[in-house]
Amino acid sequence: MKILITGGAGFIGSHLADRLLEMGEEVFAIDDLSTGSLKNIENNQDNERFHLVVDTILNEAVMNELVFKCDHIYHMAAAVGVKLIMNRPVETLETNVKGTEMILMLANRHKKKVLIASSSEVYGKIMDGENIPLLSEDSDRLMGFTTKRRWAYACSKALDEFLALAYFEEKKLPVIIARLFNTVGPRQTGQYGMVIPNFVQKALINKPITVFGDGSQSRSFTHIHDVTDALIKLMVEPKAVGQIYNVGNPEEVVIKDLAKLVKEMTGSASEIEYLTYEKAYGPGYEDMHRRCPDISRIKELIGFEPRIDLRGIIQSVIDYYKQ
Ligand code: UDP
């Protein structure tokens, strides 16, 4: 098949391309190289079934041709990383909202199946300080007010979901929504804020590892290979159409323990320091205390079971940065 991946030179998109190429598919990747990079796809440079188009997904003429010639579309292109979102709010909103609008409009024009990468950010902050439950696809969402810039990203992703579901219901367009939880692995850069590559990079050079807030917040991390396998299975499962699926690993870790674990696994002499959220991100930031997925829906549909645990995830990032 011919597969289009938007954001195909990004962290997740490039791994998805690798996997699809291994399966024998032909892959068209479009990427504006804003957060993606040529390095992520250098291993596919000589593969004649891999094609890179360097352009923005907002270029309608280019996108129209790509959507027309491909069978399936994975829409992964988006503004990513809390740091980038906090620093470049206009770009975040425009890329996420206009980009998805463009993909859905063209997919509908040519009646192509599309998987939209959404985010666990759409759940928002739930209730701080309360007993925060596992997040299931039908959980209520709670956003902070609009001056808290972080929630712009969450709202833009939620709007993407509304739009995708509207196309499904009104125009019968086959869409699938995947809500990705914190995804980690080789090629992920720490440049836009992500915690594990940041901790690992600092630990490897014995520089201080910086925990934001008091470090009591927790996250659940999923290895990129588990995520790409899940996305590919969702795409070919007819029952997934018109539905939303959490893609994550429920194994949880408290961030201050994560810092200790990275330090231990790298044998690092780094100090563990604490920084207030205000100093880390500037004003307008709110964190969520816990974000752990309920994955029963995707388990039931495609037998999804994350295979790589937290230590395996961290080790893969250490190996990547040591190289
Ligand atoms: N974090 C941290 N130090 C860092 C980067 C992030 O303590 O250098 C914290 C951050 O405040 C958050 C958690 O780690 O509570 C996960 O952050 P990340 O940006 O990776 O993802 P998200 O906030 O989107 O879950």
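Above this text is the structure in question.
Residues numbered from 1 in each chain as written. Predicted model: local features only at pLDDT ≥ 70, side-chain atom pairs only at ≥ 80, totals over all residues. Heavy atoms only, no water.

## What about the overall build of the protein chain?
Alright, step 1. Within the protein chain one finds eleven helices and 13 strands.
Alright, step 2. Here the C-alpha radius of gyration of the protein chain, 19 Å, is about what a compact globule of 323 residues would show, namely 20 Å.
Alright, step 3. Principal-axis analysis of the C-alpha atoms places the extent of the protein chain at approximately 55 × 45 × 40 Å.
Alright, step 4. Within the protein chain, buried positions represent 54% of all 323 residues.
Alright, step 5. In the protein chain, the proportion of contacts linking residues at least 24 apart, taken out of those at least 6 apart, comes to 81%.
Alright, step 6. For the protein chain, the accessible area works out to roughly 14200 Å², and carbon and sulfur atoms hold 51% of it.
Alright, step 7. Treating the 38 positive side-chain charges of the protein chain as one cloud and the 44 negative ones as another, the clouds have centres 1 Å apart. (Helix = DSSP H or I, 4+ residues; strand = E, 2+ residues; numbered from the N terminus. Rg over C-alpha atoms; globule rule 2.2 N^0.38 Å. Buried < 20%, exposed > 50% of the residue type's maximum accessible area, 1.4 Å probe, protein only. Contact = heavy atoms within 4.5 Å. Areas by Shrake-Rupley, 256 points an atom, 1.4 Å probe, with all protein chains shown as cover. Lys, Arg positive; Asp, Glu negative; His and termini not counted. Charge placed at Lys NZ, Arg CZ, Asp CG, Glu CD.)

## A short note on the nonpolar core
Alright, step 1. Core analysis: the biggest nonpolar cluster contains 34 residues, and Ile5, Tyr74, Met76, Leu231, Leu234, Val247 and Ile298 have the highest contact counts within it.
Alright, step 2. Mapped onto this core, the elements with two or more residues apiece are strand E1 (2-6), helix H1 (11-22), strand E2 (26-31), strand E5 (113-119), strand E6 (175-180), helix H7 (224-236), strand E11 (244-247) and helix H10 (296-302).
Alright, step 3. In terms of residue count, the dominant contributor to this core is H7 (seven residues).
Alright, step 4. Contacts of Leu231, omitting those with residues within four sequence positions, involve Leu16, Tyr74, Met76, Leu115, Ala178, Leu180 and Val247.
Alright, step 5. Among the nonpolar cores identified, the runner-up in size contains 24 residues, and Phe28, Leu66, Val67 and Cys70 belong to it. (Core = buried A, V, L, I, M, F, W, Y, C linked by side-chain atoms within 4.5 Å.)

## Thoughts on the site of the ligand
Alright, step 1. In the vicinity of the ligand lie 20 residues, with Val195, Phe212, Arg219, Asp287 and Arg291 positioned nearest.
Alright, step 2. Within the contact set of the ligand, an oxygen atom lies 3.0 Å away from a side-chain nitrogen or oxygen of Gln217.
Alright, step 3. In the environment of the ligand, an oxygen atom lies 2.6 Å from a nitrogen or oxygen atom belonging to the side chain of Arg219.
Alright, step 4. Where the shell around the ligand is concerned, the elements lending two or more residues are helix H6 (195-204), strand E8 (209-212) and helix H9 (277-281).
Alright, step 5. Of the residues contributing to the shell around the ligand, the split by class is ten nonpolar, five polar and five charged. (Near = heavy atom within 4 Å. Polar contact = N/O pair within 3.5 Å; in protein donor to acceptor, adjacent residues only side chain to side chain. Nonpolar A, V, L, I, M, F, W, Y, C, P; charged D, E, K, R; others polar.)

By themselves these figures say nothing about function.
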